[in-house]
Amino acid sequence: MSFLELNNVSKSFGGHAVLKDVNLSIAKGEFVAIVGFSGAGKTTLMSIIAGLLKPDTGTVKLEGREMGGPGPDRGLVFQNYSLLTWLTVFENVKLAVDQVFPEKSETERAAHATEFIEMVNLAPARDKRPSELSGGMRQRVSVARTLAMQPKVLLCDEPLSALDALTRANLQDEIARIRTLHNQTVVLITNDPDEGIYLADRIIPLTAGPGATLGPSFTVDIPHPRDRKALNHDPHFKQIRRDVIDFLLGSKGARHATVSKKLVLPDLEPEDLSGRAPLIGGRRTAIRRSEIKRETVEVDS
Amino acid sequence: MNESKLKQLDWLLLPLIGFAIVLALWAVSSVTWATNLPSPVKTWESSKVYILEPFAKRGEMDQGILRFTWYSLILVAKGYVLALVIGTPIGFFLGLSKAFTKTFDPIIQILRPVSPLAWLPLGLVLFLSAGKEAGTLGALFTIAICSMWPTVLNTAVGVRSIPQDYLNVAKVLKLSRTKTLFKVLIPATLPYMFTGFRLSLGIAWLVIVAAEMLTGRPGVGGFLWQEYNSLIYEHIILSIVTIGVVGFVLDRLMSVVERRFKTI
Ligand SMILES: Nc1ncnc2c1ncn2[C@@H]1O[C@H](COP(=O)(O)OP(=O)(O)OP(=O)(O)O)[C@@H](O)[C@H]1O
Ligand SMILES: [Mg+2]
């Protein structure tokens, strides 16, 4: 029996079909990577699994039960960290722990939060605010916060996309390690086929939108832990990569596709209103950088 | 002194030059076209007792300037707190509920530009039955209703612009309504709220003078009006300078507090 199951999930925004007939079935303890173009609808798919969005049609089932709203059993690592900037690393993690384990005592909860902060190697930054951390550290806090909830499924939405290559490789290894440690069921979304193949047991391409859907899944038959260097020369690895990329490019066909690309890391600071023009007058809503820096470019494939 | 040293003193020298220019214009005006305007020297001569003995009390309307300022500040503080206590929740409701906004926004937009001079008589009428306290209550009412709008509107903007990410975190964690309010909504809105608080304080201080003038309470504004009626024009200038300086200091203090909350 499958642990997490999506049946004919479709979603459109105002007549614009984003996902169409998505079917997915994941076994307990399995690590599945979904790889797709930017703007294909990966975050939308993840939000649906997490329960933050309602699909227009279709169902999401966890352990055979249909899921309604969001909940801590599906732990989501957000694409843009989404740490609460006014809380320290510890407080961010603790908030999640307090919420998920109300029956534990205060000391137990504090110890639990500390344990997960140590797991992502952030003990020295325990009392720092997110603004004092690097991007990679913030992402690790976000991972720690989610893992501390001990979710049945760990959902990672491009957790490493915003990081530089070196930090990225580091965190990939960390994710692989933690996953083995807990035999955690993971859905990882990524735009990097190599990352998906390196980490996952199975990699599934998401076709380009509009109306994106999941392609065939490719099983990665390489035992864990994997050696990054050796992998590059592994014929099996190369074969899967070729297949996935061919499928993705093929899915776009000869037509032009629009790729919507986020250009800037989301900034979590509120808009500055202290400037010279006081706000007494305006009825405008503040605009955040993260909401406007989205550029649409035409690409030829 | 070389040039770079001069540059370093810019922050002090240039404002001093500014003050000197205004003083000169004032002095020239007082002997040319506005002969009723007391000259700077005359103003100082007549005002120094108020400044040098700032807390003296010689009579109800004859007290040191800081003593008057103190009376005014107390009244402002009361009205201001009232404004924040009423304005902040209204701002939250506006930010959270579209229906609430649609219902009350037009009213707010109509009430907002009404001058304190228009509110005060209404305030006095409202509290007519309070007898001796009517003046104070009317003034408080006026300060509160005039100064709460920046708080209301900035809080509403702050709530509306909470990133969806934060709300998603609250949803995934299944935070209760109260927890969402205190752990997410309020902290995320605080920087905006404090901008509103600062602007509100500025308005409250503007209103106090009008309120004191019309009610004849002891305070900087009341003093100003009384001295105008007794033809001691020097003290009008003294009051104006005091009001300006106090307003400036209040604004600086609030922006220090505001900046503290910006960084979180
Ligand atoms: N709330 C929304 N309202 C309207 N359209 C939306 C909404 N959310 C997403 N979309 C649209 O759905 C499409 C897919 O968006 P989504 O964020 O899922 O892409 P993505 O694959 O996660 O992209 P990226 O790799 O850049 O994160 C985009 O065209 C986007 O404009
Ligand atoms: Mg995305």
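Preceding block: the structure.
What counts, and where the lines are drawn
Residues numbered from 1 in each chain as written. Chains lettered and ligands numbered in written order. Predicted model: local features only at pLDDT ≥ 70, side-chain atom pairs only at ≥ 80, totals over all residues. Heavy atoms only, no water. Helix = DSSP H or I, 4+ residues; strand = E, 2+ residues; numbered from the N terminus. Rg over C-alpha atoms; globule rule 2.2 N^0.38 Å. Buried < 20%, exposed > 50% of the residue type's maximum accessible area, 1.4 Å probe, protein only. Contact = heavy atoms within 4.5 Å. Areas by Shrake-Rupley, 256 points an atom, 1.4 Å probe, with all protein chains shown as cover. Lys, Arg positive; Asp, Glu negative; His and termini not counted. Charge placed at Lys NZ, Arg CZ, Asp CG, Glu CD. Axes fitted to C-alpha atoms, helices over the stretch in contact; angles between N-to-C directions. Parallel < 35°, antiparallel > 145°, perpendicular 65-115°, else oblique. Left-handed = near helix turned anticlockwise from the far one by under 90°. Nonpolar A, V, L, I, M, F, W, Y, C, P; charged D, E, K, R; others polar. Phe/Tyr/Trp six-rings, centres within 6.5 Å; stacked < 30°, edge-to-face > 60°. Lys NZ or Arg CZ within 6 Å of the ring centre and 35° of its normal. Expected span 1.5 Å × (residues − 1). Bend = angle between axes of the 7 residues up to and from the residue. Near = heavy atom within 4 Å. Polar contact = N/O pair within 3.5 Å; in protein donor to acceptor, adjacent residues only side chain to side chain. 1 Å grid on protein atoms, 1.4 Å probe; cavity = no way out; pocket = protein on both sides within 12 Å on 5 of 7 lines; lining within 4 Å. Points joined across faces, edges and corners; volume = space filled by probe spheres on them. Pairing = 2+ DSSP bridges. Donors = N, O, S within 2.8 Å, 3.2 Å for Na, K, Ca; no water.

**Concerning the overall build of chain B**
A count of helical and extended segments in chain B gives eleven helices and two strands. Mapped in sequence order, the helices and strands of chain B form the string α-α-α-β-β-α-α-α-α-α-α-α-α. Computed over its C-alpha atoms, the radius of gyration of chain B comes to 23 Å, more than 25% above the 18 Å expected for a compact globule of 264 residues. Summarising its shape, the C-alpha atoms of chain B cover approximately 70 × 65 × 35 Å along the three principal directions. Residues counted as buried form 45% of the 264 residues belonging to chain B. Across chain B, every contact between residues at least 6 apart in sequence was considered, and the portion connecting residues at least 24 apart equals 65%. Of the roughly 13,900 Å² of accessible surface on chain B, a fraction of 72% belongs to carbon and sulfur atoms. For chain B, the centre of its 24 positive side-chain charges and the centre of its 14 negative side-chain charges are spaced 15 Å apart.

**Some details on the packing of helix α2 (residues 89-100) of chain A against helix α4 (residues 135-148) of chain A**
Residues and elements named next belong to chain A. At their nearest, the axes of α2 and α4 sit 8 Å apart, and the two run at 25° to each other. In terms of axis orientation, α2 runs roughly parallel to α4. Along this stretch, α2 crosses α4, giving a crossing that reads as right-handed. Contacts between α2 and α4 pair Val89, Asn92, Val93, Ala96 and Val97 from the former with Val141, Ala144, Arg145 and Ala148 from the latter. Of the residues belonging to the contact of α2 with α4, the class tally is seven nonpolar, one polar and one charged.

**Considering the packing of aromatic side chains**
According to the stated counting rule, one finds eight aromatic pairs over all chains in the structure shown. Each ring, one from B:Phe100 and one from B:Phe104, has its centre 4.8 Å from the other, and the planes form 45°; the classification is tilted. Here B:Phe104 and B:Phe100 lie together in helix α5 (residues 98-111), a separation of four residues that amounts to about one turn. For the cation-ring pair, A:Lys104 lies above A:Phe101, with the distance from its terminal atom to the ring centre recorded as 4.7 Å. The positively charged end of A:Arg228 is found above the aromatic ring belonging to A:Tyr198, 4.3 Å away from the centroid.

**Overview of helix α9 (residues 177-215) of chain B**
Residue and element names in this part refer to chain B. Between its first and last C-alpha, α9 extends only 45 Å over 39 residues, short of the 57 Å set by a 1.5 Å rise per residue. Considering bend angle alone, the principal kink of α9 is centred on Leu190 and spans about 50°; proline Pro191 follows within four residues of it. Gly216 lies just past α9 and shows a positive phi near 70°.

**A word on the site of ligand 1**
Residue and element names in this part refer to chain A. Neighbouring ligand 1 are 13 residues, the closest being Gly39, Lys42, Thr43, Thr44 and Glu158. At a separation of 2.8 Å, an oxygen atom of ligand 1 approaches a polar side-chain atom of Ser38. Contact with the protein chains covers 69% of the free accessible surface of ligand 1, which is 630 Å². The residue makeup of the shell around ligand 1, split by class, is four nonpolar, seven polar and two charged.

**Remarks on the layout of surface pockets**
Residues and elements named next belong to chain B. Taken as a whole, the second largest pocket holds about 520 Å³ of empty space. Lining the second largest pocket we find 14 residues, and of these Leu23, Trp26, Thr43, Ile237 and Val241 sit closest to its centre. Secondary-structure elements contributing two or more residues to the lining of the second largest pocket are α2 (10-31), α3 (40-52) and α11 (233-262). Classifying every residue of the lining of the second largest pocket gives eleven nonpolar, three polar and no charged.

**Here's the deal with the sheet that holds strand β5 (residues 65-66) of chain A**
Through backbone hydrogen bonds, the strands of a sheet pair up, either in parallel or in antiparallel fashion. All names here are of chain A. As summarised here, the arrangement of the four strands in space is β2-β1-β4-β5, forming an open sheet in which the pairing is antiparallel. Looking at strand neighbours, the two that pair on one side only are β2 (16-26) and β5, the edges of this open sheet. Lying on the sheet, helix α1 (residues 42-50) is in contact with β1 (4-13), β2 and β4 (57-62); it crosses β1 at an angle near 125°.

**Notes on the coordination of the magnesium ion (ligand 2)**
Taken together, the protein ligands of the magnesium ion (ligand 2) are A:Thr43 (OG1) and A:Gln79 (OE1), with distances of 1.8 to 2.3 Å. With A:Thr43 in helix α1 and A:Gln79 in the loop between β6 (74-77) and α2, the pair connects residues that are 36 residues apart, well separated along the chain.

**A word on the pairing of β4(A)**
Residues and elements named next belong to chain A. Pairing of β1 with β4, which is carried by five bridges, proceeds in the antiparallel orientation. Bridge pairing in β4 links Glu5 to Lys61. Here β4 pairs with β5 via two bridges, running antiparallel. Bridging from a neighbouring strand, Lys61 pairs with Glu66 of β5. Remark: two residues form the turn of the hairpin made by β4 and β5, two consecutive strands paired antiparallel; Glu63 in that turn has positive phi of roughly 50°.

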